[in-house]
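Below, each chain spelled out in residue letters.
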Amino acid sequence: LIRVDEITPEERMALYEKHLISREMMDKKPAALLLSEDESISVMINEEDHLRIQVMSAGIALKECLEEAMKLDALLQQSLYFAYDQELGFLTQCPTNLGTGLRASVMLHLPALTESGAMPRVSSNLSKLGLTLRGTYGEGSKITGALYQLSNQITLGLSESEAVENLRAITVQLMEEERKARSQMSENIAWQDKIDRAAGILKTARVLSSSECMELLSYIRLGLSTGVLQGVTTQELNALMVNAQPATLMAKAGKQLDQNQRDILRAQMAREACAKIKE
């Protein structure tokens, strides 16, 4: 149990950077977070609604995450009363969440579609299907490193399993479109140059800002998926993307760091993590 008002602002920001709490929850009093040891399951207390159950997993494990969330929901209902209406479903604070109250999301890395200028078209088509593309940290956030959140918009009139299956099917289609765009780009010498330059900078940088680090790591991920680079795993890059964020960086260091100190430490982490990259 983590009480939000009993931890430092940097610790709160680190939880946000890991997608464990929302930005709105960082300044809420009183508010708390129930967190599993591996940080895959969490319950936000007094966020937008009284409770927000969250389950995260790598890959397109939407069905498995839903099953875990439903188990926890059933356990909580044994001792708590949830406001529920037979026609409207769960009576949430925000009317757009009425019904299931479910927000299922997939984090997608779409560098090829982004660079090709296809994202406005993709976003428009997704909205017609009841889905929405958001920034890296959800609603109102910016897109960093070509990382997007794809989520369901409709919560009323369909079941949780239907919403999750619809999201999964569209995710698979979008991934296939991204793969085709990557295949077309893989033979482009300019793209190979960008990927190799990103690897060179991350291997040797002495100072590295958060935004530059995310952009360069996006190219590394692209290079790994297209076979231009090898030597590191996507999981290692994912860990670096999280650990290189400003607040998480300070939380791991165990002390306050100014921007220059963070940029130096971030560069050191990148050099160590990317030293194994082979072109």
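Here's what I pulled together on the structure shown here.

Thresholds, definitions, all that
- Residues numbered from 1 in each chain as written.
- Predicted model: local features only at pLDDT ≥ 70, side-chain atom pairs only at ≥ 80, totals over all residues.
- Heavy atoms only, no water.
- Helix = DSSP H or I, 4+ residues; strand = E, 2+ residues; numbered from the N terminus.
- Rg over C-alpha atoms; globule rule 2.2 N^0.38 Å.
- Buried < 20%, exposed > 50% of the residue type's maximum accessible area, 1.4 Å probe, protein only.
- Contact = heavy atoms within 4.5 Å.
- Areas by Shrake-Rupley, 256 points an atom, 1.4 Å probe, with all protein chains shown as cover.
- Pairing = 2+ DSSP bridges.
- Patch = residues over 30% accessible without salt bridge, like charges linked within 9 Å, V, L, I, M, F, W, Y side chains within 5 Å.
- Salt bridge = Lys/Arg side-chain N within 4 Å of Asp/Glu carboxyl O.
- Core = buried A, V, L, I, M, F, W, Y, C linked by side-chain atoms within 4.5 Å.
- Axes fitted to C-alpha atoms, helices over the stretch in contact; angles between N-to-C directions.
- Parallel < 35°, antiparallel > 145°, perpendicular 65-115°, else oblique.
- Nonpolar A, V, L, I, M, F, W, Y, C, P; charged D, E, K, R; others polar.

**Description of the overall build of the chain**
Turning to step 1, where the next piece is worked out: Along its length, the chain carries 10 helices and 9 strands.
Turning to step 2, where the next piece is worked out: Relative to a compact globule of 279 residues, whose C-alpha radius of gyration would be 19 Å, the chain shows 20 Å and is just as compact.
Turning to step 3, where the next piece is worked out: Along the first, second and third principal axes, the C-alpha atoms of the chain reach 60 × 45 × 25 Å.
Turning to step 4, where the next piece is worked out: Every one of the 279 residues in the chain was classed for burial, and the buried ones make up 43%.
Turning to step 5, where the next piece is worked out: Considering only residue pairs separated by 6 or more positions, the chain has 58% of its internal contacts joining residues 24 or more positions apart.
Turning to step 6, where the next piece is worked out: Looking at the chain as shown, the accessible area adds up to about 15300 Å², and 51% of this sits on carbon and sulfur atoms.

**Topic: the pairing of strand E3 (residues 41-45)**
Turning to step 1, where the next piece is worked out: Sheet topology note: the strand E2 (residues 32-35)/E3 ladder contains 4 bridges and is antiparallel. Residue pairing for E3: Leu35 is matched across the bridge by Ser42.
Turning to step 2, where the next piece is worked out: Taking the residues that link successive antiparallel strands as the turn, the E2-E3 hairpin has 5 residues, and the phi of Glu39 there is positive, at about 65°.
Turning to step 3, where the next piece is worked out: Sheet analysis places E3 next to strand E4 (residues 51-55), joined by 5 bridges and oriented antiparallel. Along E4, the bridge assignment pairs Ile45 with Leu51.
Turning to step 4, where the next piece is worked out: The loop that links E3 with its antiparallel partner E4 comprises 5 residues; one of these, Asn46, has a positive phi angle of about 70°.

**A closer look at a nonpolar patch on the surface**
Turning to step 1, where the next piece is worked out: Together, Leu88, Leu91 and Leu156 give the surface a local cluster of nonpolar side chains, amounting to about 250 Å² of exposed area.
Turning to step 2, where the next piece is worked out: Tracing the backbone shows Leu156 in the loop between strand E9 (147-152) and helix H5 (160-185).

**A few points about the nonpolar core**
Turning to step 1, where the next piece is worked out: With 51 residues, the main nonpolar core has Leu126, Leu150, Leu174, Leu202, Leu208, Ile220 and Leu229 as its most contacted residues.
Turning to step 2, where the next piece is worked out: Filtering out sequence-adjacent residues up to four positions away, Ile220 remains in contact with Ile195, Ala198, Ala199, Leu202, Leu229, Leu237 and Ile277.
Turning to step 3, where the next piece is worked out: Formed by 11 residues, the second largest nonpolar core is a distinct cluster that contains Val4, Leu15, Met25 and Met26.

**Describing the packing of helix H9 (residues 246-253) against helix H10 (residues 259-274)**
Helix-helix packing is characterised by the crossing angle of the two axes and by the distance between the axes.
Turning to step 1, where the next piece is worked out: In contact at an axis separation of 11 Å, H9 and H10 are set at 85° when each is read in the N-to-C sense. The orientation of H9 with respect to H10, classified from their angle, is roughly perpendicular. Of the residues in H10, those touching H9 at Pro246, Leu249, Met250 and Ala253 are Arg262, Leu265, Arg266 and Met269.
Turning to step 2, where the next piece is worked out: Among the residues forming the contact of H9 with H10, the class breakdown is 6 nonpolar, no polar and 2 charged.

**Some details on the sheet that holds E9**
Turning to step 1, where the next piece is worked out: An order of E7-E9-E8 is seen for the 3 strands of this open sheet, with the pairing classed as antiparallel. At either margin of the open sheet sits one strand with a lone partner, and together these are strand E7 (105-109) and strand E8 (131-134). Across the sheet, the mean angle separating the axes of adjacent strands is 25° when strand polarity is ignored.
Turning to step 2, where the next piece is worked out: Pairing geometry for E7 and E9, over 5 bridges, is antiparallel. Bridge assignment links Val106 to a residue of E9, and that residue is Leu150.

**Some thoughts on the pattern of salt bridges**
It is possible for side chains of opposite charge to pair when their charged atoms get near one another.
Turning to step 1, where the next piece is worked out: Under the counting rule described, the total for this entry stands at 10 salt bridges.
Turning to step 2, where the next piece is worked out: Among the ionic pairs, Arg121 bridges to Glu177, the shortest N-O distance being 2.7 Å. Separated by 56 residues along the polypeptide, Arg121 in helix H4 (residues 119-128) and Glu177 in helix H5 bring together distant segments of the chain.
Turning to step 3, where the next piece is worked out: Judged by its relative accessible area of 42%, Arg121 falls in the partly exposed class.

**What to know about the sheet that holds strand E1 (residues 2-3)**
Turning to step 1, where the next piece is worked out: A sheet is described by the order of its strands in space; here 4 strands give the open sequence E1-E2-E3-E4, paired in antiparallel fashion. Two strands in the sheet have a free side with no partner beyond their single neighbour: E1 and E4.
Turning to step 2, where the next piece is worked out: Against the sheet, helix H2 (residues 62-77) makes contact with E3 and E4, and its axis sits at roughly 145° relative to E4, the strand it touches most.

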